[in-house]
Amino acid sequence: MQKEILEIIKNRSLEQYQKVIALARAAENSLDVLDLSINEKQHLNEGIICDLKEGNAPFRPRYNLVDFEKFMQQGSDFLELDPPRNLQEAINSLLILYKHIPSVTTFPVYLGNIDKLLNPFIEDESEALALIKLFLTHIDRTLTDSFVHANIGPEETKAGRLILQAERELENPVPNLSLKYSQELTADAFAVEAVKTGLAVSKPYFANHEMFVNDFGEKYGLASCYNGLPIGGGSFTLVRLNLKALAEKAVSRKELLEEKLPQTVRIMLSLMDKRIRFLVEESGFFRSNFLVQEGLLNLKRYTAMFGIFGLAEAVNHFMKKEGKELRYGQSELADELGLQIIEKIAEQVAGHKNKYCSVSQQKFLLHAQSGIGPDEDTTPGCRIPIGEEPDIYEHILQAGQFHSYFPTGVSDIFAFARTNKRNPAAVLDIIKGAMQSGLRMFAFYTKDSELIRITGYLVKRSEMEKLKKGKAVLRDTTLLGVETMENQDLAGRKER
Amino acid sequence: MQRQSKKKKEVIVNKIIPFSSVDGPGNRTVIFLQGCNFDCLYCHNPETINICNNCGNCLAVCPKGALTINERDQVSWQEELCIACDKCLEACLRDSSPRVKIMGLEEIIRKVRKLKPFISGITVSGGEATLQTDFLTDLFREVKKLGLSNFLDTNGSVLLEDKPLLLENLDMAMIDFKSFKSAEHRRLTGLDNINVMKNVKFMAKVDKLYEVRTVIVPNLLDNYFNVDQISKLLAGLDSKIRYKLIKYRAMGVRKEKLESISPEQEYMLELVSIAEKNGCQNVVLV
């Protein structure tokens, strides 16, 4: 452990604050308080279950979606802030609050529906644009992590339009941005502005508003990568199951579906229960944190995320084993096995109760996890492997079969050719069709853009180059980007 | 025209592109019909010009056995075996393609209906689609019923003012104006430009002209003159009509017909500024 700490201290490509976080993590991980069974530890060590470096003694929920609307109305006693009366105060109050929101990364993963928060204060548009640009730049330079995520929409607002314009002009990787999109509520002209922004700076995502409302009600937000969660709460934890690694341990698909999968899901559910129990009952977060005390976070608004990844490889493993030349994403028979696996998991997870997940009827919710830097030869969530994507139409229909299973997040990424910049309405048409086909999150960018959507977050091409030369960089997610670019052929994403 | 089916409501389809962002407004399904009455020197898809005469020359070169002769002595193409290596197109002696499908109205509509959530409408292209106006009239009527728009990509050789039934459900057209000089037009395409001129004027008058295009080819056409004259004409009709100037590219062009080079960007920009100076407000360079 001492060696590890010294390595962190001497690491030249970590900026000061990044070192502090790494040191804190090392300290937390020196504890062993979760009372994990040998079996659970073994699954973690083998990489079949992965706790995404959440730490061995969870002392804050992984994802917190603060109720910013409430904050704007009531201000904060703890932060000694009155409710804001104008745009300057609104921006200042939000920027202060952002720095006090805990998360797994220490940065806030959700910044609120920033258009709706700011819109009541907008008077002069050019003045507002200048302030919004300062607001967004402040976020990019101080909340230096691409999992920091803001929302806009579904309705068009002055603030929403200005935010899109500012994003196009600033080209900042942070914050990640989602447009809650509804064919009914979002005006076409506003949606086209959002597409233009997406083709220029790889954000916003288009989130299927109807689908999320159906799962969470109106009070939901998109946090971190693309995680749908309740506002005023969030997710205690996210643990993920490596379907590829599990498939390789099974001698047949029958053994996977009937033995390995139920056993492993049970182990993962138990592990999640243990993390949640410690966090809620022992860490003291829900007793002492000011956000809880002021009603901006509420224990009753939390759920937990059961993640999966590597579905494509799991399916392809059995196709090969069974002597079939079929690939996930390209053959209905292969996709059918994929659906069978997901349905099986969904059924078992839905049958498990945890008393603290009251917002989701005591259930954990599925999440198609987008991968982390060191993942090799495993495709995020239930995506089709890069380079094997079918035509966009088939791709969307394929993905549409899976997205409904994952209320807490799933996405597919589409790389468009530059020519689409001339005709953003064409991309909007495709998005409309995708939403009607059941896609929950539609991510897109132009193939050669400076901001690259790695798996669920954005990284600057130029900053990755800098880091590769061993220089310290501002944003901690750049390292994840470099690792992922090395391990996955992102440039090979099919151009549309 | 041996392969043309006897039933009226069928056409030879060269291909259908489900999604296109470059063939009109929004995302569109593009249907390419086989057969063209022009034979442009710079044609970049010459395999769409003629109808297959079932000579069978292409059968032997297919590496996948996707081409066979059927019981009616016609070349038949099995799409699922095809790897699109284009060897059959190279072997074809008459600028045609065995990789076509005879499709009925119903079949095309079925396909469009499936794509409906994703598109603003369809664009029919070719070949030259207006050679089959009866079919187009039926197709457009059915597509309109789906709530989608109909666009037409045409070389302007068939007089559209004579086709009122077609126009009923045609939203807008994109017309190639390849040369302003009739003699040059004939040298380039095989036919004069009298109907093209009439179509451009007529369609502008009835507010159905979405776009006019001119391909710019150095050393072959009087590009300055053409762009100058065509842009003047368009500006006089409606300055908002999109005028698209297309850089010639050698890709797909028959070498025995034309060996030219792509124009420099500077040259293209000069042409754009001529068109703009003449009053066109929507000049696009591709």
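Residues numbered from 1 in each chain as written. Chains lettered and ligands numbered in written order. Predicted model: local features only at pLDDT ≥ 70, side-chain atom pairs only at ≥ 80, totals over all residues. Heavy atoms only, no water.

Asks: What am I meant to see in the state of the cysteines here?
Replies: Between two cysteines, a covalent bond joining their sulfur atoms is known as a disulfide. Overall, the coordinates contain zero disulfides over all chains when judged by the stated rule. Summary of cysteine pairing: C50 of chain A is not part of a disulfide, and the nearest cysteine sulfur, belonging to C225 of chain A, is at 13 Å. No disulfide involves C82 of chain B; its nearest neighbouring cysteine sulfur is the one of C88 of chain B, lying 6.4 Å away. (Disulfide = S-S within 2.5 Å.)

Asks: Please clarify how the sheet that holds strand β4 (residues 176–181) of chain A should be interpreted in this entry.
Replies: One key point about sheets: their strands pair by backbone hydrogen bonds, in either a parallel or an antiparallel sense. Residue and element names in this part refer to chain A. Pairing within the open sheet is mixed, and its five strands lie in the order β3-β4-β5-β12-β11. The open sheet has two free edges, formed respectively by β3 (149–152) and β11 (412–416), since each of these has just one partner strand. For this sheet the average axis-to-axis angle between neighbouring strands, irrespective of direction, equals 25 degrees. Where β4 meets strand β5 (residues 205–208), four bridges bridge the pair, whose relative direction is parallel. Among the inter-strand pairings, L179 is bridged to a residue of β5, identified as F206. Across the sheet, helix α9 (residues 188–201) is in contact with β3, β4, β5, β11 and β12 (441–446); its angle to β12 comes to roughly 55 degrees. Of the strands in this sheet, β4, β5 and β12 touch helix α10 (residues 209–216), which is tilted by about 50 degrees from β5. (Pairing = 2+ DSSP bridges. Helix = DSSP H or I, 4+ residues; strand = E, 2+ residues; numbered from the N terminus. Axes fitted to C-alpha atoms, helices over the stretch in contact; angles between N-to-C directions. Contact = heavy atoms within 4.5 Å.)

Asks: For this particular structure, what's the right way to read the domain arrangement of chain B?
Replies: Interface size, as often reported, equals the accessible area lost upon joining of the parts. Residues and elements named next belong to chain B. As far as domains go, chain B holds domain 1 (10–48 + 100–285) and domain 2 (53–98). Taking only C-alpha atoms into account, the centre of domain 1 sits 28 Å from that of domain 2. Contacts between domain 1 and domain 2 engage eight residues on the former and seven residues on the latter. For the pairing of domain 1 and domain 2, the buried interface totals around 590 Å² over both sides, and the portion due to carbon and sulfur atoms is 45%. Scanning the region where domain 1 abuts domain 2 turns up two salt bridges. When the shortest N-O distance is used, the salt bridge between R254 and D95 registers 2.6 Å. Summed over the shared surface of domain 1 and domain 2, the result is three residue pairs in polar contact (both at pLDDT 80 or more). Here the side of domain 1 that touches domain 2 is built from residues that sort into two nonpolar, three polar and three charged. (Domains from an automatic or database assignment. Buried area = accessible area lost by both parts, 1.4 Å probe. Salt bridge = Lys/Arg side-chain N within 4 Å of Asp/Glu carboxyl O. Polar contact = N/O pair within 3.5 Å; in protein donor to acceptor, adjacent residues only side chain to side chain. Nonpolar A, V, L, I, M, F, W, Y, C, P; charged D, E, K, R; others polar.)

Asks: How should I be thinking about the pattern of salt bridges in this particular structure?
Replies: Where side chains of opposite charge bring their charged atoms close, a pairing between them can arise. All names here are of chain A. A complete count under the given rule lists 49 salt bridges over all chains for this structure. The closest approach of N and O atoms between K274 and E40, which form a salt bridge, is 2.8 Å. Of this pair, K274 sits in helix α12 (residues 253–282) while E40 sits in helix α3 (residues 38–45); the two residues are 234 residues apart in sequence, bridging distant segments of the chain. A residue is classified by how much of its surface remains accessible, and E40, at 4% relative accessible area, is buried. (Buried < 20%, exposed > 50% of the residue type's maximum accessible area, 1.4 Å probe, protein only.)

Asks: Sorry, what's going on with the layout of surface pockets here?
Replies: If a probe as big as a water molecule is rolled over the atoms, it shows which places are left empty. All names here are of chain A. Its volume calculated, the second largest pocket comes out at about 1,200 Å³. Along the wall of the second largest pocket there are 44 residues; nearest its centre are R25, K53, D476, L479 and L480. For the lining of the second largest pocket, the element with the most residues is helix α2 (residues 16–29), which contributes six residues. Its residues placed into classes, the lining of the second largest pocket shows 19 nonpolar, 14 polar and 11 charged. (1 Å grid on protein atoms, 1.4 Å probe; cavity = no way out; pocket = protein on both sides within 12 Å on 5 of 7 lines; lining within 4 Å. Points joined across faces, edges and corners; volume = space filled by probe spheres on them.)

Asks: How should the interface of chain B and chain A be read in this particular structure?
Replies: Taken together, the contact between chain B and chain A spans 16 residues of the former and 17 residues of the latter. Taken as a group, F19, S21 and F118 of chain B account for 45% of the area that chain B buries against chain A, more than any other trio of residues on that side. Remark: the boundary between chain B and chain A carries zero salt bridges. In this assembly, chain B and chain A are joined by eight residue pairs in polar contact (both at pLDDT 80 or more). Mapped by element, the contributors of at least two residues to the side of chain B that touches chain A are α2 (105–115) and β11 (283–285) of chain B. Of the residues assigned to the side of chain B that touches chain A, the class counts are 10 nonpolar, five polar and one charged.

Asks: Got a minute to help me understand the nonpolar core in this structure?
Replies: Soluble, globular proteins show a tendency: their nonpolar side chains are buried together. Membership of the largest hydrophobic core comes to 192 residues, with the highest contact counts inside it found for Y98, F206, L241, F306, I345 and F442 of chain A together with L139 of chain B. If you tally residues by element for this core, the top one is α12 of chain A, at 13 residues. Each residue touching F206 of chain A, except ones within four places of it in the same chain, is listed here: L179, Y181, A191, A194, V195, L428, I431, M435, R440, M441, F442 and F444 of chain A. Grouped together as the second largest cluster of nonpolar side chains are 24 residues, Y220, Y226, I413 and M464 of chain A included. (Core = buried A, V, L, I, M, F, W, Y, C linked by side-chain atoms within 4.5 Å.)

Asks: What is the right way to look at the packing of helix α7 (residues 125–142) of chain A against helix α8 (residues 158–170) of chain A in this model?
Replies: In helix packing, the relevant descriptors are the interaxial angle and the interaxial distance, both defined with respect to the helix axes. Residue and element names in this part refer to chain A. Running from N to C, α7 and α8 cross one another at 55 degrees; their axes reach a closest spacing of 9 Å. Classified by the interaxial angle, the pair formed by α7 and α8 is oblique. Pair α7 / α8 crosses with right-handed handedness. Two secondary-structure elements touch here, α7 through E125, A128, L129, I132, K133, L136 and T137 and α8 through K158, A159, R161, L162, I163, Q165, A166, E167, E169 and L170. Here the contact of α7 with α8 is composed, by residue class, of nine nonpolar, two polar and six charged. (Parallel < 35°, antiparallel > 145°, perpendicular 65-115°, else oblique. Left-handed = near helix turned anticlockwise from the far one by under 90°.)

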